[in-house]
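These are the residues of each chain, in order.
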Amino acid sequence: MTRISSILTGMLSAAVLLTPAFAQEKPLNQAPAGFTNLFDGQDLTGWRGLKGDYSPHIQATLTPEQLSTMQTQWNADRDMHWSVDKEKHEIVSDGHGVFLATDKSYGDFELYVDWLMVSHNGDSGIYLRGYPQVQIWDVDNAREGKNGAPRGSGALLNDNPDNPGKWPLVKADNPVGTWNTFHVKMIGSKVWVWFNDK
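Now for a look at the structure at hand. (Residues numbered from 1 in each chain as written. Predicted model: local features only at pLDDT ≥ 70, side-chain atom pairs only at ≥ 80, totals over all residues. Heavy atoms only, no water.)

Taking 1.5 Å per residue as the helical rise, helix α2 (residues 64–81) with its 18 residues ought to reach 26 Å, and the 25 Å between its terminal C-alpha atoms agrees with that figure. Among all positions of α2, only Q71, W74, R78 and H81 are buried. Along the long axis of α2, the arc covered by the buried residues comes to 85°, so they all point the same way. Opposite the buried face of α2, at more than 90 degrees from it, the exposed residues are E65, T72 and M80. (Helix = DSSP H or I, 4+ residues; strand = E, 2+ residues; numbered from the N terminus. Expected span 1.5 Å × (residues − 1). Buried < 20%, exposed > 50% of the residue type's maximum accessible area, 1.4 Å probe, protein only. Arc of directions from axis to C-beta.)

Structure follows, in structure tokens:
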């Protein structure tokens, strides 16, 4: 099992920031013992652009040349919408464009992600191997009420509606503007999410 650590901050509707740290008032920019940082705090090394609605199955059918062409386009889009705040050691998104994905693919893994929703009505998430998505949103976002925002972040939002593990057992979100921590474990197709130690 791979152990990795990162930090995610939601801004506006889909923008995010990533840094390698634990959630506190201000993250420490270091992974827990035995874990590997996904972000060095300086640049986007190890990260690539990925079109959000692009099927991993379709991607697997592309020739190496076709995939290289697509990846070049996605990385150009990444560079227009994602940047690094080197003073804060955070990855910043303007909320538009492609998703940010790791260059490396992971099998079974354990992941810590610290995130901060910086403005109300945010809506973001972390896709695990492309599917499912661990949802991040403002629990008071009326626009997302019908989709489950009042239940809290940490849902496996793209899971089957009847899956008893789709929704969080507790609403553990800290208020907008304060740090939160996900601890996610994925083994095979099974996912566990601990949210702010719950």
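Moving on, we come to the nonpolar core. Ranked by size, the top nonpolar core spans 24 residues in total, and within it W47, I91, L111, I126, L128, F182 and V184 carry the most contacts. Take this core: its biggest share by element is four residues, from strand β8 (residues 109–116). Of all hydrophobic cores here, the second largest spans five residues; its members include L50, Y54, W74 and V98. (Core = buried A, V, L, I, M, F, W, Y, C linked by side-chain atoms within 4.5 Å.)

Quantified by volume, the second largest pocket comes out at close to 480 Å³. Lining the second largest pocket we find 26 residues, and of these L156, G165, V191, W192 and V193 sit closest to its centre. If one sorts the elements of the lining of the second largest pocket by residue count, strand β12 (residues 190–195) sits on top with five residues. For the lining of the second largest pocket, the per-class residue count stands at 16 nonpolar, six polar and four charged. (1 Å grid on protein atoms, 1.4 Å probe; cavity = no way out; pocket = protein on both sides within 12 Å on 5 of 7 lines; lining within 4 Å. Points joined across faces, edges and corners; volume = space filled by probe spheres on them. Nonpolar A, V, L, I, M, F, W, Y, C, P; charged D, E, K, R; others polar.)

For H89, which is not a glycine, the phi torsion comes out positive at approximately 60°. In this structure, H89 sits in the loop between β5 (82–85) and β6 (90–93).

On to the pattern of salt bridges, then. For the coordinates displayed, the defined rule picks out two salt bridges. Note that R78 and D79 form a salt bridge whose closest N and O atoms lie 2.8 Å from each other. Take D79: its relative accessible area is 48%, and that puts it in the partly exposed class. The partner of R129 in a salt bridge is D108, and the shortest N-O contact between them spans 3.9 Å. Of this pair, R129 sits in the loop between β9 (123–127) and β10 (133–137) while D108 is found in the loop between β7 (99–102) and β8, placing the two residues 21 residues apart along the sequence. The class of R129 is partly exposed, set by a relative accessible area of 40%. (Salt bridge = Lys/Arg side-chain N within 4 Å of Asp/Glu carboxyl O.)

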